[in-house]
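Summary of structural features
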Amino acid sequence: MPCGAGCEGRSCRIERQTGRMAAIVMVMTTATFRFYQQLNAFLPADHRGRDITCSCARAATTKHMIEALGVPHTEVELLLVNGEPAGFERLIADGDRIAVYPTFASLDIGGMRRLADRPPGTPRFVADAHLGGLARLLRMAGFDTLYDNAFEDGPMAELALREGRILLTRDRELLKQRNVTHGCFVHALKPAMQLRELYERLELAAEARPFSLCMSCNAPLREVDKQTVLDRLPPRVRELHQRFLICDCCQQVYWEGSHWRDMSALLDSLGRMR
Ligand SMILES: [Zn+2]
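Thoughts on the sheet that holds strand β7 (residues 145–147)
The four strands are arranged β7-β6-β8-β9 in an open sheet whose pairing can be described as parallel. Each having just a single partner strand, β7 and β9 (183–185) make up the two edges of the open sheet. Taking the axes of each pair of neighbouring strands and ignoring which way they run, one obtains an average angle of 20° across the sheet. Where strand β6 (residues 125–127) and β7 come together, three bridges link them in parallel fashion. Of the residues in β7, the one forming a bridge with Val 126 is Leu 146. Where helix α4 (residues 132–140) meets the sheet, it contacts β6, β7 and β8 (166–169), and its direction lies at approximately 150° from that of β7.

Structure (structure tokens):
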């Protein structure tokens, strides 16, 4: 009889002879994991920065165990099993030593296989319901970002997969879903720091197109003649500003006021990270 852990009955003769405990011993292997850099943030305090030796089901893959220990697969750039590059499908063998490295554009891994590649083209995003501030900043930088505070996990993951978007979230369980292929766990809490984190991780500076998308609805902005929007401008804005952009979708009008300048300063500081 199959033991339920993938041996299809071939190795469970002892179970039938000596009982359930013997079968448990047979189907478990022991492996040692070490997580590097910011991946430690996903671990309990007593697992951080040190070897973690644990029992694994015999048919367990590296992906299964890494996520069981708390780290979403989307956050992993490189796996070394006994010093050799490996993939997420690698079956864990008894005594394996598994080193797990985070996604970082600046990580030099030579010719080794990157596990977390970016979708082709300029990155596009779906931000979960808790990342509205980040979504607005990404749009301000010109990155197509879908956001709705009513987004639910399942449909959001499907949307990201269907449209080749990177899923942004602070919910690690969402990133562990089987249909999530490209995702980023956002560590920072404040939108400006979250944007900085994504710039670093995905090297976004070269692809930014500031003030090309509406911060409110993600639609393209276009220049508009001042006379066209004059009756919608506060008196002081009428006096001081000559250049205006409009969103044809939600009719929001933008000008180079203090908010615009703050945003420009933020993007300039991120651009200097290149
Ligand atoms: Zn708009």
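A closer look at the pairing of strand β11 (residues 244–247)
Relative to β11, strand β10 (residues 221–224) runs antiparallel, the two being bridged by four bridges. Counted as the bridge partner of Val 224 is Phe 244 from β11. As defined by bridge partners, β11 adjoins strand β12 (residues 253–255) across three bridges and the pair is classed as antiparallel. Paired with Phe 244 across the bridge in β12 is Trp 255.

Overview of helix α5 (residues 153–163)
All buried positions along α5 are accounted for by Met 156, Ala 157 and Ala 160. Each buried residue of α5 sits inside an arc of 100° when the element is viewed along its axis, so together they form one side. Exposed side chains of α5 directed beyond 90 degrees from the buried face belong to Gly 154, Pro 155, Arg 162 and Glu 163. Positioned one or two residues after α5, Gly 164 has a phi angle of 65°, which is positive.

Focus on the nonpolar core
Counting 34 residues, the largest nonpolar core has Ala 127, Leu 134, Leu 138, Leu 167 and Leu 168 as the members making the most contacts within it. With five residues, α4 is the largest single contributor of residues to this core. When residues no more than four places from it in sequence are discounted, the contact partners of Leu 167 are Val 126, Met 156, Ala 157, Ala 160, Val 180, His 182 and Gly 183.

Overview of the confidence of the model for the protein
With 84% of its residues at a pLDDT of 70 or more, the protein shows a mean pLDDT of 87. Confidence over residues 1–18 falls short of pLDDT 50; this stretch has 26 contacts with residues more than four positions distant or in other chains. A low-confidence stretch, residues 21–25 (pLDDT under 50), is modelled with six contacts involving residues beyond four sequence positions or located in other chains.

Analysis parameters
- Per chain, the residues get numbers from 1 upward, laid out in the order the sequence is written.
- Totals for whole chains, interfaces and linings use every residue, but because this is a predicted model, local features are given only for residues with pLDDT of at least 70 and side-chain atom pairs only at 80 or more, for both listing and counting.
- Here, strands pair whenever DSSP counts at least two bridges between them.
- By the criteria applied, helices consist of DSSP H or I runs no shorter than four residues and strands consist of E runs no shorter than two, each listed in order from the N terminus.
- Every axis in this analysis is a line fitted to C-alpha atoms, fitted for helices over the stretch in contact. Angles between the N-to-C directions lie between 0 and 180 degrees.
- Whether two residues are in contact is decided by their C-beta atoms, placed from the backbone, lying within 7 Å.
- To sort residues by burial, count the other C-beta atoms lying within 10 Å of each one's C-beta; a count of 20 or more means buried, 12 or fewer means exposed, and anything in between means partly exposed. C-beta atoms are built from the backbone.
- Think of the arc as the fan of directions from the helix axis to the C-beta atoms.
- Any nonpolar core is a set of buried residues, restricted to Ala, Val, Leu, Ile, Met, Phe, Trp, Tyr and Cys, that join up through C-beta atoms within 7 Å.
- The quantity known as pLDDT measures the predictor's confidence residue by residue, on a range of 0 to 100.

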